[in-house]
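Here's the letter readout for the chains.
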Amino acid sequence: MQPTDSKTSTATDTMSQANDTQTITIPPNKKKSKPSSKTRRRLKEAEPLPFNIDGLSHDGRGVAVYGNGFDEKEGHVADKHGKKVFVSFALPGESALVKLTNSRASFEEGDAIDITSNPNPERAVPPCPHFGVCGGCSLQHWQPDGQINFKQSVLAEMLIHQANAEPDNWLAPIVGDRLGYRTKARLGVRYVAKKETALVGFRERSSNFLAELNECHILDPRIGFEIENLKALMSTLESRDKIAQLELAMGEYLPELPDGDQPVALIVRHLAPLSDSDIEKLKAFFAARHWQLYLQSKGADSIQRVALTDKDDLSQQFGRLYYQLPEYDLTFEFIPTDFTQVNLSVNRQMTKLACDLLDLKAGERVLDLFSGLGNFSLPLARLVGETGAVVGVEGSDAMTARSADNARRNGIHNTKFYNQDLTHDCTDKPWANEGFDALLIDPPRSGAWEIMQYLPKFNAERIVYVSCNPATLARDTKALLEQGYRLTHAGVMDMFCHTGHVESIARFEKITT
């Protein structure tokens, strides 16, 4: 599939292109597919084997089978012929030398250590020197356009298989920053006494060990290219073997707002009290970079901000971070532990697309389920105007309060926010019976199956569903179709470039008789 230039393409075109280029296979369950220590030892000593890559799994790994182009002389013993092998770092049509890492009765797994012939035209040189060792991302060997088009074909296949559905129109993929985009993460920390250095970063692939990183090209560069300095800092602390984790959150630089000149926040998780000397070292390091510093000794309630300047406000547990949606003249305030979208450039486009798909008119009423800090609610409120209304419903008390605060700060008065466990039917609540023209839903990875059971009671004419899991979106699509809705649009967004994760969006319209 090639990127579409227009806003939409037909479902038939997209599916035919996907089927022409590759076969998509469901990968094994990660938790159930971990190799035993005996298997790891045996495979570590085994010679790599050649394979021809026939297709891809949903997570972007190459798929090969024993016996396809090779025989027993190349290690393809007869009793394994037809057995699937999931190959990391391989693309369709390639011939690869594969080091096996796992062997089960029904499948095997391995890494492509050399592409021996027929390199895929979409193969790319990974930008990060740690790619292949670090588990933070898995697809840097693939050109980004190829990645996102493949992800759209995964969504298309899941809609067909689970819901027997094709949208009337495929949306062109939304693309934003593809490197240096990630503004939220948790980085492990471990001091290695033998090397007299600290490790800071993500875990190694399929391992509990931390990868030895000096930089990260997926993280926002304000942190991604500070890893070496963070390692050096952690190594100098007296409590260097008691630092477990760094939780980071980043916003936009808005110096005219409180804390707006400190758009990077790190929470240092420590397992023992820090000495005054260690705290002073942390303060000096963070102050030089205009970062916010927090210490965490136990649970979330123990997080405390450390003042670095006279103007740092310690009256609240957290300082403030910000991001903007310029299209709607909106500035959002959040704290480091809040959920926010990790790719701000894609989020700006995603919110606009969702608003465009709902096709709102002044005076209409909109229901926003899983409304968070108001990421969709506030743009929707701008569109329906003072004669319209937006009701946001969220399961977190803190986020419900945050969304109301953000509405007030942005001068928006036509919104109401409620705290509600959405896994239970809430249509008996007063807010649920006010009538809605349109509905937006942005659930967690588990989807919104419970909500699908009572969603028709809202009687919304138009629904936009934003999803970070195409499997649950496809499952919930089936429920909506059975309840009298039509799938008019679907597409994917490059929120998590270079990883196997997929952000997708779908629009539904109530069928009128």
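See the structure printed just above.
Small disclaimer: the values here were computed from a predicted structure and weren't measured.

### Description of the overall build of the protein chain
(1) Moving on: In terms of helices and strands, the protein chain carries eleven helices and 24 strands.
(2) Moving on: Its C-alpha radius of gyration of 25 Å places the protein chain within 12% of the 24 Å reference for a compact globule of 513 residues.
(3) Moving on: Across its three principal axes, the protein chain shows a C-alpha extent of roughly 75 × 75 × 40 Å.
(4) Moving on: Burial statistics for the protein chain: of 513 residues in total, 55% are counted as buried.
(5) Moving on: Partitioning the contacts of the protein chain with sequence separation of at least 6, the portion at a separation of at least 24 is 66%.
(6) Moving on: Accessible surface, the protein chain: about 22,700 Å² in total, of which carbon and sulfur atoms supply 49%.
(7) Moving on: Charge centroids of the protein chain, computed over 58 positive and 68 negative side chains, lie 6 Å from each other.

### Observations concerning the sheet that holds strand S11 (residues 197-201)
(1) Moving on: Pairing within the open sheet is mixed, and its six strands lie in the order S11-S10-S12-S13-S14-S15. With partners counted over all chains shown, the strands left at the sheet margins are S11 and strand S15 (304-306), one partner each. Across this sheet, the average inter-strand angle for adjacent strands is 25°, counted without regard to direction.
(2) Moving on: Pairing between strand S13 (residues 264-270) and strand S14 (residues 291-296): six bridges, direction parallel. Its bridge partner being in S14, Leu 266 is matched across the sheet by Leu 293.
(3) Moving on: Set on the sheet, helix H5 (residues 227-236) makes contact with strand S10 (184-192), S11, strand S12 (243-250), S13 and S14; between it and S11 the angle comes to about 135°.

### Some thoughts on the packing of aromatic side chains
(1) Moving on: This structure, assessed with the given rule, holds 14 aromatic pairs.
(2) Moving on: For the pair Phe 286 and Trp 291, a centre-to-centre distance of 5.5 Å together with 90° between the ring planes defines the contact as edge-to-face.
(3) Moving on: Note on Phe 286: relative accessible area 0%, which makes it buried.
(4) Moving on: Its relative accessible area of 4% is what places Trp 291 among the buried residues.
(5) Moving on: Taken together through their ring pairs, the aromatic side chains of Tyr 418, Trp 431, Phe 436, Tyr 454 and Phe 458 make up a single cluster.
(6) Moving on: One residue, Arg 240, lies across the ring of Tyr 191, its end atom 5.2 Å from the ring centre.

### Looking at the packing of H5 against helix H6 (residues 276-289)
Helix-helix packing is characterised by the crossing angle of the two axes and by the distance between the axes.
(1) Moving on: In the contact formed by H5 and H6, the axes pass within 10 Å of each other and the chain directions differ by 160°. One element, H5, and the other, H6, form an angle in the roughly antiparallel class. Crossing angle aside, the handedness with which H5 passes H6 is right-handed. For the pair formed by H5 and H6, the contact residues are Asn 229, Leu 230, Leu 233, Met 234 and Thr 236 on the first element and Lys 281, Leu 282, Phe 285 and Arg 289 on the second.

Cut-off values and rules
Residues numbered from 1 in each chain as written. Predicted model: local features only at pLDDT ≥ 70, side-chain atom pairs only at ≥ 80, totals over all residues. Heavy atoms only, no water. Helix = DSSP H or I, 4+ residues; strand = E, 2+ residues; numbered from the N terminus. Rg over C-alpha atoms; globule rule 2.2 N^0.38 Å. Buried < 20%, exposed > 50% of the residue type's maximum accessible area, 1.4 Å probe, protein only. Contact = heavy atoms within 4.5 Å. Areas by Shrake-Rupley, 256 points an atom, 1.4 Å probe, with all protein chains shown as cover. Lys, Arg positive; Asp, Glu negative; His and termini not counted. Charge placed at Lys NZ, Arg CZ, Asp CG, Glu CD. Pairing = 2+ DSSP bridges. Axes fitted to C-alpha atoms, helices over the stretch in contact; angles between N-to-C directions. Phe/Tyr/Trp six-rings, centres within 6.5 Å; stacked < 30°, edge-to-face > 60°. Lys NZ or Arg CZ within 6 Å of the ring centre and 35° of its normal. Parallel < 35°, antiparallel > 145°, perpendicular 65-115°, else oblique. Left-handed = near helix turned anticlockwise from the far one by under 90°.

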